[in-house]
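# Remarks on the overall topology
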Amino acid sequence: MRGWIGLAIIAGVIYYFATETDKLDKPINDINTMFTKADKKLDSMTGTKIIKIDKHLPQLKTEIYERLSTIEIRELDGVFTSNEAIAEFKDQYCHSSARHPVFTKENLQFICDKI
């Protein structure tokens, strides 16, 4: 019974420091950083991902934006945040049966052709 009481007190102290103070914020962030680094290292060890860097992105955006409505431009701004986001968009929406909740079918095809 004494072991349970001691365990409960330790758990209570940890809970207090985790929720009521900022004493555990740095260790928690350090652990999250460590897991993120390990994740990236594992990804790099298990497969190579080639990412094409498009230097013509600003020109491409202008060309696409001329055709889109205001709502579609706002949606596309969320896509052009990084090369990974563009690749994810292509994977999800640039195939023959793809539909997008914001882009018209023609504009979606135009975007996919350009990126």
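Note: the structure precedes this text.
Just so you know, the residues in each chain are numbered from 1, in the order the chain's sequence is written. The predicted nature of this model means local features are confined to residues of pLDDT at least 70 and side-chain atom pairs, given and counted, to a pLDDT of 80 or more, with totals for whole chains, interfaces and linings taken over all residues. Where side-chain values are given, they derive from all heavy atoms of the structure, hydrogens and water being excluded.

### Overview of the overall build of the chain
Secondary structure elements are defined from DSSP: runs of H or I of at least 4 residues count as helices, runs of E of at least 2 residues count as strands, and each element is numbered from the N terminus. Assigned secondary structure in the chain consists of 6 helices and 0 strands. Walking the chain from its N terminus toward its C terminus, one meets helices and strands in the order α-α-α-α-α-α. Contacts: residue pairs with any heavy atoms within 4.5 Å of one another. Partitioning the intrachain contacts of the chain with sequence separation of at least 6 by distance along the chain shows that 49% fall at a separation of at least 24. For the accessible areas, the method is Shrake-Rupley and the probe is 1.4 Å, while residue cover comes only from the protein chains on display. When the accessible surface of the chain is split by element, carbon and sulfur atoms take 58% of a total near 9,400 Å².

### Brief notes about the pattern of salt bridges
Here a salt bridge means any side-chain nitrogen of Lys or Arg lying within 4 Å of a carboxyl oxygen belonging to Asp or Glu. Taken as a whole and judged by the stated rule, the model has 1 salt bridge. In this structure, E63 and K114 form a salt bridge, with 2.4 Å as the shortest nitrogen-oxygen distance. Of this pair, E63 sits in helix α3 (residues 57-65) while K114 sits in helix α6 (residues 105-114), and the two are 51 residues apart along the sequence. Judged by relative accessible area, E63 falls into the partly exposed class, the value being 32%. Type-normalised accessible area, obtained with a 1.4 Å probe on protein chains alone, sets the label of each residue: buried when under 20%, exposed when over 50%, and partly exposed for intermediate values. The class of K114 is partly exposed, set by a relative accessible area of 31%.

### Regarding the nonpolar core
Take the buried Ala, Val, Leu, Ile, Met, Phe, Trp, Tyr and Cys residues and link them wherever side-chain atoms come within 4.5 Å; each set so joined is a nonpolar core. Among the nonpolar cores identified, the biggest contains 17 residues, and I64, L76, F89, I111 and I115 are the most heavily contacted of them. Elements supplying a minimum of two residues to this core: α3, α4 (70-79), α5 (83-93) and α6. When residues in this core are grouped by element, the largest group, 4 residues, is from α6. Those residues in contact with I111 that lie beyond four places of it in its chain are I64, L68, L76, F89 and F103.

### A look at α5
Within the span of α5, buried status applies to A85, I86, F89 and Y93. One side of α5 holds all its buried residues, which, seen down the axis, span an arc of 100°. Exposed residues lying more than 90 degrees from the buried face of α5 are E88 and D91. This arc is built from the directions going out from the helix axis to the C-beta atoms.

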